[in-house]
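# Observations on the model geometry
What follows is the residue order along each chain.
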Amino acid sequence: MQGKGIVALLCSLCIWVACQQPTPSASIPEVKKETEVFAIEGSDTLRLDRYVGPNATKEKQPVVLFAFGGGFRGGDRASADYHAYFEFLARQGYTVISTDYRTTLKHLDPQQVTGPLDFMQALQVAIQTAVSDLYTATHYVIDHAEAWQIDPQRIVLSGSSAGAISVLQAEYQLCHAEEGIPLLPKDFHYAGVIAFAGAIADVAAPTWPKQPCPILLFHGDADRTVPYRQATLPDIGGLWGSASIAESLSQAGTSYAFYRIGKAGHEISSTPMQTQLYDILSFLDRQVMRQEPLVIQSAIHAPGDSLQETRFTLEDYLRENL
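All figures in this text were calculated on a predicted structure; none of them were measured in a lab.

Scoring rules and cut-offs
Residues numbered from 1 in each chain as written. Predicted model: local features only at pLDDT ≥ 70, side-chain atom pairs only at ≥ 80, totals over all residues. Heavy atoms only, no water. Pairing = 2+ DSSP bridges. Helix = DSSP H or I, 4+ residues; strand = E, 2+ residues; numbered from the N terminus. Axes fitted to C-alpha atoms, helices over the stretch in contact; angles between N-to-C directions. Contact = heavy atoms within 4.5 Å. Expected span 1.5 Å × (residues − 1). Buried < 20%, exposed > 50% of the residue type's maximum accessible area, 1.4 Å probe, protein only. Disulfide = S-S within 2.5 Å. 1 Å grid on protein atoms, 1.4 Å probe; cavity = no way out; pocket = protein on both sides within 12 Å on 5 of 7 lines; lining within 4 Å. Points joined across faces, edges and corners; volume = space filled by probe spheres on them. Nonpolar A, V, L, I, M, F, W, Y, C, P; charged D, E, K, R; others polar. pLDDT = per-residue confidence, 0-100. Phe/Tyr/Trp six-rings, centres within 6.5 Å; stacked < 30°, edge-to-face > 60°. Parallel < 35°, antiparallel > 145°, perpendicular 65-115°, else oblique. Salt bridge = Lys/Arg side-chain N within 4 Å of Asp/Glu carboxyl O.

## Topic: the sheet that holds strand β4 (residues 95-99)
Read across the open sheet, the nine strands follow the order β1-β2-β4-β3-β5-β6-β8-β11-β12; overall the sheet is mixed. Each edge of the open sheet is held by one strand with a lone partner, namely β1 (32-41) and β12 (295-300). Between one strand axis and the next, the sheet turns by 15° as a mean value, whatever way the strands run. Bridge count for strand β3 (residues 61-67) against β4 is five bridges, and the pairing is parallel. When the sheet's bridge partners are listed, V63 is paired in β4 with T95. Those strands touched by helix α5 (residues 162-176) are β3, β5 (150-160), β6 (192-196) and β8 (215-220), and its axis lies near 135° from that of β5. Helix α6 (residues 242-252) contacts β8, β11 (256-261) and β12 of the sheet and is inclined by roughly 150° relative to β8.

Below you can see the structure in the form of structure tokens.
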């Protein structure tokens, strides 16, 4: 009897322990991805990927429209470097759209570049082509607002490297267009811009005749690919990097955030999409969605490191990009 009692006690204990174990948690809701063609430009078929989170059908969602990096020579809208960023935002209630654009510098023969002016002219064509395709993608998104349950008044641009240049340039040109952009609604404006190692192309330092949307900038101050401050020619212009853009936004009295990463290079075109997701979400929540008029400047560096920015010449940038 005693042995049977012990067995019964052990069985009861096992049943009790099993009942106390937590039930397996439900799997994380899937982020769905759909791909479709939005334009055909000559021999180029342009596609976009739409990432939709589990709450997409509950109310009209804001949009993050993303442009990939690749030096205007190539790149992939579905690069693994971007997946964490896309899925994080989709789970936070954003519809994420990663778009193609034409990369015209892939046709540039380095042997035909005799100096900085040749490259600057080719780069300007590449930027304008990318911006044109970005406006086309924006138009397509607006046209599908009802079908996709999105809010066309809350389209945020985001981009990496060449894509960051493109999204900044798109907002910059919209602010300079006296009669708007023909492809877009007359009163259209972007809700925000998020740029990872970007720049603006102009003859002189950036100015804002119209108030720009809130802008979030990430840049390493030792970037040899896209200038942190500027890479320009007298009377010709060139690229004005995040430090110059931040100064111009301060002068314009507009809302922006600028994360300067000390002694970091062009890896900042992607690393914040893994390491600073909640800084990005804070910008979207406070400065874009709630329209809080904030200026946030953050200098990130290792203990003991100097924040003296690294200076490169125009020729340094030219060698890096050819």
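## Focus on the sheet that holds strand β10 (residues 237-241)
Overall, antiparallel pairing links the three strands, which are arranged β7-β10-β9 in an open sheet. Of all strands in the sheet, those bounded by a partner on one side alone are β7 (199-202) and β9 (230-233). Strand-to-strand twist of the sheet, defined as the mean angle between neighbouring strand axes without regard to direction, takes the value 20°. Two elements, β7 and β10, share four bridges in a ladder whose sense is antiparallel. In the sheet register, A199 faces β10, and the bridge partner there is G241. Along the sheet, α5 makes contact with β7 and β10, crossing β7 at roughly 55°. On top of the sheet, α6 reaches β7, β9 and β10; it is set at about 80° to β10, its chief contact.

## So, the pairing of β1
The pairing of β1 with strand β2 (residues 44-52) spans nine bridges and is classified as antiparallel. Its bridge partner being in β2, A39 is matched across the sheet by L46.

## Considerations on α5
Helical geometry: 3.6 residues make up each α-helical turn, so side chains three or four residues apart lie on a common side. With 15 residues, α5 should cover 21 Å at 1.5 Å per step; its first-to-last C-alpha distance of 21 Å lies within 8% of that length. With 14 of its 15 residues buried, α5 lies for the most part within the structure.

## Focus on the state of the cysteines
Summed over the entire model, instances satisfying the criterion amount to zero disulfides. The structure places no disulfide on C175, whose sulfur is separated from the nearest cysteine sulfur, that of C213, by 6.9 Å. Given a relative accessible area of 6%, C213 falls into the buried group.

## So, the layout of surface pockets
Of the volumes computed, that of the largest pocket is approximately 460 Å³. Forming the walls of the largest pocket are 30 residues, and the residues nearest its centre are H189, Y190, Q211, P212 and C213. For the lining of the largest pocket, the elements supplying multiple residues, two or more each, are β5, α5 and α8 (277-289). For the lining of the largest pocket, the per-class residue count stands at 15 nonpolar, eight polar and seven charged.

## Things to note about the confidence of the model for the chain
On average, the chain scores 89 in pLDDT, and the residues at 70 or more come to 87%. Counting contacts from residues 6-25, a segment whose pLDDT is below 50, to residues more than four positions away or on other chains yields zero contacts.

## A look at the packing of aromatic side chains
A full pass over the atoms with the stated rule returns 17 aromatic pairs. Both rings, one in F66 and one in F86, keep their centres 5.2 Å apart while their planes meet at 75°; by these two values the pair is edge-to-face. On the criterion of sequence distance, the pair formed by F66 in strand β3 and F86 in helix α2 (residues 83-91) is long-range, its members being 20 residues apart. The exposure class of F66 is buried, given its relative accessible area of 0%. Assessed through its relative accessible area of 0%, F86 is described here as buried. Among the aromatic residues, those joined into a cluster by ring pairs are Y51, F66, Y82, Y85, F86, F196, F218 and Y259.

## A few points about the packing of helix α3 (residues 116-143) against α5
At a minimum axis distance of 9 Å, the contact between α3 and α5 shows a crossing angle of 75°. Judged on the interaxial angle alone, α5 and α3 are roughly perpendicular. Across the interface between the two elements, I127, Q128, A130, V131, L134 and Y135 from α3 touch I165, S166, V167, Q169, A170, Q173 and L174 from α5. A class-by-class count of the residues in the contact of α3 with α5 yields nine nonpolar, four polar and no charged.

## Topic: the pattern of salt bridges
Scanning the entire structure with this criterion turns up 13 salt bridges. Across the pair D133 and R102 runs a salt bridge whose closest N-O atoms are separated by 2.8 Å. With D133 in helix α3 and R102 in the loop between β4 and α3, the pair connects residues that are 31 residues apart, well separated along the chain. Given the relative accessible area of 0%, D133 is considered buried. Of the charged contacts in the structure, one is a salt bridge between D285 and R290, with a shortest N-O distance of 2.9 Å. Several salt bridges share partner residues, and in doing so they unite K33, D49, R77 and D100 into one network.

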